[in-house]
Amino acid sequence: MAIAACAPGISALRAQPRKLKVLVAGGHPGDPEYGCGGTICRYVDQGHDVALLYLNRGEKTCPESPEQSAANPRVAEAKRACEILKARPIFAPQCDAHAVVDSARYDEFRAIVEAENPDVLFTHWPVDNHRDHRAIAMLSLDAWLRLNRRFALYYYEVSDGEDTAMFAPSDYVDISSAEPRKRTACYAHASQSPDKYYALQDQIARFRGVESRHERAEAFTRHVASPTGLLP
Ligand SMILES: [Zn+2]
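This text gives an overview of the structure that appears in the document. (Residues numbered from 1 in each chain as written. Predicted model: local features only at pLDDT ≥ 70, side-chain atom pairs only at ≥ 80, totals over all residues. Heavy atoms only, no water.)

### Remarks on the side chain of Asp 163
- Take Asp 163: it is sitting in the loop between β5 (152-156) and β6 (171-174).
- No salt bridge forms around the buried Asp 163; measuring N to O, its nearest opposite-charge neighbour Arg 134 is 8.4 Å away.
- Once residues within four sequence positions are removed from consideration, Asp 163 is found in contact with Val 127, Asp 128, Asn 129, His 130, His 133 and Val 158. (Helix = DSSP H or I, 4+ residues; strand = E, 2+ residues; numbered from the N terminus. Buried < 20%, exposed > 50% of the residue type's maximum accessible area, 1.4 Å probe, protein only. Lys, Arg positive; Asp, Glu negative; His and termini not counted. Salt bridge = Lys/Arg side-chain N within 4 Å of Asp/Glu carboxyl O. Contact = heavy atoms within 4.5 Å.)

### What about the nonpolar core?
- Among the nonpolar cores identified, the biggest contains 37 residues, and Val 24, Ile 40, Tyr 43, Val 50, Leu 52, Phe 122 and Phe 220 are the most heavily contacted of them.
- Listed by contribution, the elements that provide at least two residues to this core are β1 (21-26), α2 (31-45), β2 (49-56), α4 (73-85), β4 (120-124), β5, α7 (179-187) and α8 (194-212).
- By size, the runner-up hydrophobic cluster in this structure holds 24 residues, among which are Leu 53, Leu 55, Ile 112 and Ala 135. (Core = buried A, V, L, I, M, F, W, Y, C linked by side-chain atoms within 4.5 Å.)

### Concerning the packing of α2 against α7
- In contact at an axis separation of 9 Å, α2 and α7 are set at 130° when each is read in the N-to-C sense. One element, α2, and the other, α7, form an angle in the oblique class. As α2 runs across α7, the sense of the crossing is right-handed. Every residue of α7 that contacts α2 at Glu 33, Tyr 34, Gly 37, Gly 38, Cys 41 and Asp 45 is listed here: Arg 181, Lys 182, Ala 185 and Cys 186. (Axes fitted to C-alpha atoms, helices over the stretch in contact; angles between N-to-C directions. Parallel < 35°, antiparallel > 145°, perpendicular 65-115°, else oblique. Left-handed = near helix turned anticlockwise from the far one by under 90°.)

### Side note on the sheet that holds β6
- Here we have seven strands laid out as an open sheet, ordered β3-β2-β1-β4-β5-β7-β6, and mixed in their pairing. Since the sheet does not close on itself, it has two edges, and those belong to β3 (88-94) and β6, each with one partner. On average, adjacent strands in this sheet sit at an angle of 30° to one another, irrespective of strand direction.
- Two strands pair when backbone bridges link them, and β4 and β5 are joined in this way by five bridges, in the parallel orientation. Across the sheet, His 124 pairs through a bridge with Tyr 156, a residue of β5. (Pairing = 2+ DSSP bridges.)

### A word on the coordination of the zinc ion
- The coordination sphere of the zinc ion contains the protein donors His 28 (ND1), Asp 31 (OD), Asp 31 (OD) and His 133 (NE2), at a distance range of 2.0 to 2.7 Å.
- In this structure, the zinc ion is surrounded by four donor atoms whose angles at the metal cover 51 to 140°, and the resulting shape is irregular.
- For the zinc ion, the donor residues sit on a single chain with the sequence spacing H-x2-D-x101-H.
- Overall, Asp 31 belongs to the buried group, its relative accessible area being 9%. (Donors = N, O, S within 2.8 Å, 3.2 Å for Na, K, Ca; no water. Tetrahedral: all angles 85-135°; square planar, octahedral: opposite > 155°, others 65-115°.)

### What about α2?
- Helix length check: α2 (15 residues) gives 21 Å between terminal C-alpha atoms against 21 Å at 1.5 Å per residue, within 8%.
- Residue Gly 37 marks the point of greatest curvature in α2, where the axis turns by about 75°.
- With 14 of 15 residues buried, α2 lies mostly within the body of the structure.
- Positive backbone phi, approximately 90°, marks Gly 47, located one or two places after α2. (Expected span 1.5 Å × (residues − 1). Bend = angle between axes of the 7 residues up to and from the residue.)

### Notes on the packing of aromatic side chains
- Within this structure, the stated rule accounts for nine aromatic pairs.
- Seen from their ring centres, Trp 125 and Phe 167 are 5.4 Å apart, and the 85° between their planes marks the pair as edge-to-face. One end of the pair, Trp 125, is in the loop between β4 and α6 (131-146); the other, Phe 167, is in the loop between β5 and β6, with 42 residues separating them in the sequence.
- Looking at Phe 167, the relative accessible area reads 11%, which means it is buried.
- Joined through ring pairs, the aromatic side chains of Tyr 43, Phe 122, Tyr 154 and Phe 220 make up one cluster. (Phe/Tyr/Trp six-rings, centres within 6.5 Å; stacked < 30°, edge-to-face > 60°.)

### Things to note about the pattern of salt bridges
- For the structure shown, the criterion picks out 16 salt bridges.
- For Arg 181, the salt bridge identified is with Asp 45, shortest N-O distance 2.8 Å. On the criterion of sequence distance, the pair formed by Arg 181 in helix α7 and Asp 45 in helix α2 is long-range, its members being 136 residues apart.
- With its nearest N and O atoms 2.8 Å apart, the salt bridge here joins Arg 208 to Glu 211. Here Arg 208 and its partner Glu 211 are both found in helix α8, three residues apart, which amounts to about one turn of the helix.

Don't take any of this as a statement about function, it's just geometry.
Take a look at the structure:
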C-alpha cells in the first residue's frame, strides 16, 4: 500500500481540484525542513499552501520582548528556509528545551492550528529523545482530537537515533527531484551544524527510498483514524 501510494500517476492528491492547506509542526526551527522538506516542495509545486509551525524560536530562555526575539538569528534562519521552500513561518510562543504541556498550552496550540484550519497536519513522532519533540507530538494529537479529527494527521521522523526512535512508517513520498531545494532549506539553518545533521537526514531519505523504490523518500506514519489520500 505504501509503495503504491507513491507510484507515479496514481497519487490521490493529484486528483484534488482544491488547494490544500498543509501545516508542518516542529519542535524547533529546522525540524519541519529536515523531516518534511521534500514533501513540502512537492505540495508547493502542486499549488498547495504550506505553513511551518515552530513550537519555539530556538531560544534557551524566553525573550522578554518582541524586539529581542526578532534579533534571534534562528528566527532569521527559519524565515530564510521558508522563503526557499515557498512556505510561511509561524512561531508558537514556547522556549527551547522547556516545552510545557498543560491545559493552557493545549488550548494555545489548538487555537493556532484552528486558525490555520489545515487539511493536513504533520508533526513529530512521539517516541523521541528530545522533550520538545515529544511535547509537540502531544500538543498536535490533542489539537487533532479536539478539532474532531477533521484533517489528516501524519507523524514524521527526524535525526533517527539521535531524536526519533522506533519509527514504523505507513506511507512514503518520493522526494528525489525535490532534494536539492530541501538541502538548501536545511542549510539555511547554518547555526545548527547542517553538515552533520543533513548528512544524517539524507541517509534516512536514501534508506526510505530503498524501502519505497525511489532514489530518496520521506516516510510518514498516518494516524489510523485520519483521512487518507492527501500526500503529494
Ligand atoms: Zn528539534
